[in-house]
2 protein chains.
Amino acid sequence: MRIAEFGERALLSRLSRVGYPKSAPLPPGDDAGGVFALGRALLLKTDGFRAAEVRLSGMPEAAIGWRAVTAVASDLLAKLAGPLGFVLAVFLPPEAEVEKALAWTQGAARAARAYGAPLLGGDTNAGEEAVVASGYAVAERPLPRGAREGDHLLLVGDRYGLTGAAIDAHYRGADLSRYPAIRAAGHWPRARLALLGLGPYRRYLSGSADSSDGLALTLWLLAEAGGVGVELFSLPFHPELLAYAREHGLAPESLVLYGGEEYEAVLAVRPEGRPFVAAWLEEHGVPHHWAGRFSGPVGVRFSDLPVARKGYDHFR
Amino acid sequence: MRIAEFGERALLSRLSRVGYPKSAPLPPGDDAGGVFALGRALLLKTDGFRAAEVRLSGMPEAAIGWRAVTAVASDLLAKLAGPLGFVLAVFLPPEAEVEKALAWTQGAARAARAYGAPLLGGDTNAGEEAVVASGYAVAERPLPRGAREGDHLLLVGDRYGLTGAAIDAHYRGADLSRYPAIRAAGHWPRARLALLGLGPYRRYLSGSADSSDGLALTLWLLAEAGGVGVELFSLPFHPELLAYAREHGLAPESLVLYGGEEYEAVLAVRPEGRPFVAAWLEEHGVPHHWAGRFSGPVGVRFSDLPVARKGYDHFR
């Protein structure tokens, strides 16, 4: 069967099991893979894309490398693993300027630094413009995808839907000069290094996932991994998201649920741990939103309306 | 300036310094990058290529993934670092068959196992056929590129020039049925896991490099890193290499020096350590060749003839 018909997620799910060790600190298909070594969980993650797929109008070239490292860092941080380093493989046509390769790499190095780790070199190849970042990280006990009945649903961060809005603006040619947060989220998406501060509260956390596939699909993945449903009570709306949606006649909840690529993290928190987790986040000024509860049969419901299990597919 | 004019090695050398930490266990531009953590050197390496660049006639699809992991493992093993795990990012067009993605991944998983580590997942993207493997590894004290005056030159392995011969056979359409070792080295190149056995002799080793860029360039890189010359006394010739070269009127020393892609390892050994290193290699049946000495001004000489500083460039 062709990949386009099979679907990217089915393919990834099938490939993720090939050779994956039974005794790994995270199950196959989780946000990152890893092994236990030197008394810790050491995680490894790779993520790539063609430049044409992510380039928005007005985006500097350095943002290509920045985004690749950010995508990897986001997966590692969502597992509460502290990044140790990153590498960047680039594909560029022979006629490309050296400056482009340099800009991508500098963007990757800046992102790595923003996540507390160095860039550790890379690889260059002739080919259509693409990058693949990889990174490794260390955790005491990484947080898998999952959730338990009764858990509270915590959305860390305040950029839900903003990158989706930036992508929407790119395709409709909309001006973003009055939307600096949307523009920033589109060009320089950020993973949340602050997630590592939740390490001491690990015993109150049942599971987590990075939100890069879009909030809706992320919730589905947590629900399926935990064998439990998600009851959404409310969604977080950034003021710029509301203004942008109003200007262009869009439903803001669609952008928040299906926009994707914002690299925030979604957590399932034991009810008895919520006060401690909330206190830490508030004390450290980390934006967040308590959005609902894990309960009932597998699925995602928002005010009793089902939320579609859909996300981006590279092959469609 | 365009990458094609600038050259891949100049580009890699420039990019390798971007953001690279001063206190790393290996210098920028070495076979792998890394950090000190948990009391050890933890190395990270990435390597990729377009499938069209490595596909030889008759090569099974699984060999694509195998080779990507082998290329990474070879760099890590040459540093005397024990692989912990690998990941594989694949680019395939949407109309590609699912079986191809599966074959690449299975080949990668088999290679990972051959180097004592698991495959830990990966990533899929739409695009022209390409793979990027990444891997991490642990070492007490990784072996950098380099050499010292008076060191003996040790070529570990016996496959020098065999992959080069397989590539030559592909382009001239030569039949390899009488050359099983050349065929195997072309389709299923192997890194030397046995290198890890040299760990206890680390104090006798000044430096090392993986030979994937071709023996000539590898010797140049060791010489330049050490600020010392290479005096080659002899080269190792596999019997199939000699027969193949004779059949096709080729100079076997050219294949050995410039063939490349055989993923063996070249070491600089202190003279007082040679008996111990030799005894270990012989005791464990690891093929090897003492090929010369590090001495004099930077450069590579074979019977007083200079050896060209050339290797493969993806962009030319």
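Residues numbered from 1 in each chain as written. Chains lettered and ligands numbered in written order. Predicted model: local features only at pLDDT ≥ 70, side-chain atom pairs only at ≥ 80, totals over all residues. Heavy atoms only, no water.

To continue, consider the domain arrangement of chain A. All names here are of chain A. Domain boundaries in chain A define domain 1 (3-139) and domain 2 (152-306). Computed from C-alpha coordinates alone, the two centres of domain 1 and domain 2 are separated by 21 Å. Every contact between the two is made by 28 residues of domain 1 and, on the other side, 28 residues of domain 2. Counting each side, the surface lost to burial between domain 1 and domain 2 is near 2200 Å², with a carbon and sulfur contribution of 63%. On inspection of domain 1 and its partner domain 2, the count reaches two salt bridges. (Domains from an automatic or database assignment. Contact = heavy atoms within 4.5 Å. Buried area = accessible area lost by both parts, 1.4 Å probe. Salt bridge = Lys/Arg side-chain N within 4 Å of Asp/Glu carboxyl O.)

For these two chains of identical sequence, chain A goes onto chain B by a turn of 180° and a shift of 0.0 Å along the axis, with RMSD 0.0 Å. Both copies of the chain, as the preceding transformation shows, are related through a two-fold rotation axis. Same-surface contact between copies: 100% of interface residues of chain A are shared with the interface of chain B. (Least-squares fit on C-alpha atoms with pLDDT ≥ 70 in both.)

Residue and element names in this part refer to chain B. Taken together, seven strands build an open sheet; the order of strands is β7-β9-β6-β10-β8-β11-β12 and the sheet is mixed. Every other strand in the sheet has two partners, leaving β7 (205-210) and β12 (305-306) as the edge strands with one partner each. Bridging between β7 and strand β9 (residues 265-269) involves five bridges; their strand directions are antiparallel. Looking at β9, one finds that Gly207 is bridged to Ala268. Against the sheet, helix α4 (residues 62-78) contacts β7 and β9, and its axis sits at roughly 175° relative to β7. Across the sheet, helix α8 (residues 215-226) is in contact with β6 (152-156), β7, β8 (229-232), β9, β10 (288-294) and β11 (299-302); its angle to β7 comes to roughly 145°. (Pairing = 2+ DSSP bridges. Helix = DSSP H or I, 4+ residues; strand = E, 2+ residues; numbered from the N terminus. Axes fitted to C-alpha atoms, helices over the stretch in contact; angles between N-to-C directions.)

This brings us to helix α11 (residues 274-283) of chain A. Residue and element names in this part refer to chain A. Those residues of α11 that sit buried are Val277, Ala278, Trp280 and Leu281. End-on, the buried residues of α11 take up no more than an arc of 160°, which puts them together on one face. Looking at α11, the residues exposed on the side facing more than 90 degrees away from the buried face are Pro275, Glu282 and Glu283. Here the buried face of α11 lies against β6 (152-156), β7 (205-210), β9 (265-269) and β10 (288-294). Positioned one or two residues after α11, Gly285 has a phi angle of 65°, which is positive. (Buried < 20%, exposed > 50% of the residue type's maximum accessible area, 1.4 Å probe, protein only. Arc of directions from axis to C-beta.)

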